[in-house]
Amino acid sequence: MNMLIAALAFLGVSSTAAPIVGSTAPDFTGTTTTGETISLSQFENQKVILEWSNHGCPYVQKHYNSGNMQSVQKRTTAEGVVWITIISSAPGEQGYVNAAEADDLTHSRKAAPTYVVLDPEGEIGRLYAAKTTPHMFLIDEDQTLQYAGAIDSIPTANVNDIARAENFVMAAFRSLQNGQAVVTKQSQPYGCAVKYAS
C-alpha cells in the first residue's frame, strides 16, 4: 500500500477518494481572480459547473480554440448556471497563472465563466480528485453531484472531433433543465494530468 501511495504521489495523483455522483458535492472555499472569496455552499439553489483548466494543455486548447468551451459556458450561464473555472496548476508547472494572467486568458479567449478560482496548492482539485484538464462536474440546486467526467465523448485533441462528439455536460444540463434524470452520469475524463504541487 505504501508503494502505491508513493507511486500516486510521484505521478501527482491524489489518493483522496473521488466525490460520488448522486451524493452531496464537497463544499469548498476558494479565491477568485478578482480577490473574492467564494464557497460552493453559497450557490445552493443554483446549478454549478466546475471546469478544471490548464491553458497550455492541447486538450484544453482544442475546446477553447474551437470556441466549444465558451459556447457551453455562455449557453449554460444564460440559463442561470454558476460556472467556476478552477486552475490547480502549481507554480512553475504548465498552466500556472496569476490572477492577472488568468483574467487576460478569459478576455483573449472570449470565455464566459462566472468565476475563475486559483488553486495553486491543489486543495480543491484534490478534494474533487480532479485528474485532467479539462475535467467537468455538474452540481444541481440541492448541491448534489449529477455528472463527473469528460466534456464529451471523443477523447482526442483534434478540433475536428468536436462536431461528432456527444457533449456530456450539455446533455446532463439539458436533462436537469427538463426535469429528467441524467443519462450519462459519469465518464472517463481525458486530457492532460492536472499539474499539482508535489
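In what follows, the accompanying structure is described. Here the structure is a predicted model, which means the values were calculated and not measured.

### Examining empty space enclosed by the protein
Alright, step 1. Applying the stated criterion to the full structure yields 1 cavity of 30 Å³ or more.
Alright, step 2. As a volume, the largest cavity reaches approximately 50 Å³.
Alright, step 3. Around the largest cavity, the lining residues are Tyr64, Thr85, Ile87, Ala102, Leu105, Thr106, Arg109, Ala111, Pro113 and Val116.
Alright, step 4. Sorting the residues of the lining of the largest cavity by element identifies strand E4 (82-87) and helix H4 (99-108) as the ones contributing at least two each.
Alright, step 5. It is H4 that contributes the most residues to the lining of the largest cavity, 3 residues altogether.

### Notes on the state of the cysteines
Alright, step 1. For the coordinates displayed, the defined rule picks out 1 disulfide.
Alright, step 2. Across the disulfide, Cys57 is cross-linked to Cys192 (sulfur-sulfur distance 2.2 Å). Judged by the sign of its S-S torsion, about 90 degrees, the cystine formed by Cys57 and Cys192 is right-handed. With Cys57 in the loop between strand E3 (48-52) and helix H2 (58-65) and Cys192 in strand E9 (residues 192-193), this residue pair connects regions lying 135 residues apart in the sequence.

What counts, and at which threshold
- Residues numbered from 1 in each chain as written.
- Predicted model: local features only at pLDDT ≥ 70, side-chain atom pairs only at ≥ 80, totals over all residues.
- Heavy atoms only, no water.
- 1 Å grid on protein atoms, 1.4 Å probe; cavity = no way out; pocket = protein on both sides within 12 Å on 5 of 7 lines; lining within 4 Å.
- Points joined across faces, edges and corners; volume = space filled by probe spheres on them.
- Helix = DSSP H or I, 4+ residues; strand = E, 2+ residues; numbered from the N terminus.
- Disulfide = S-S within 2.5 Å.

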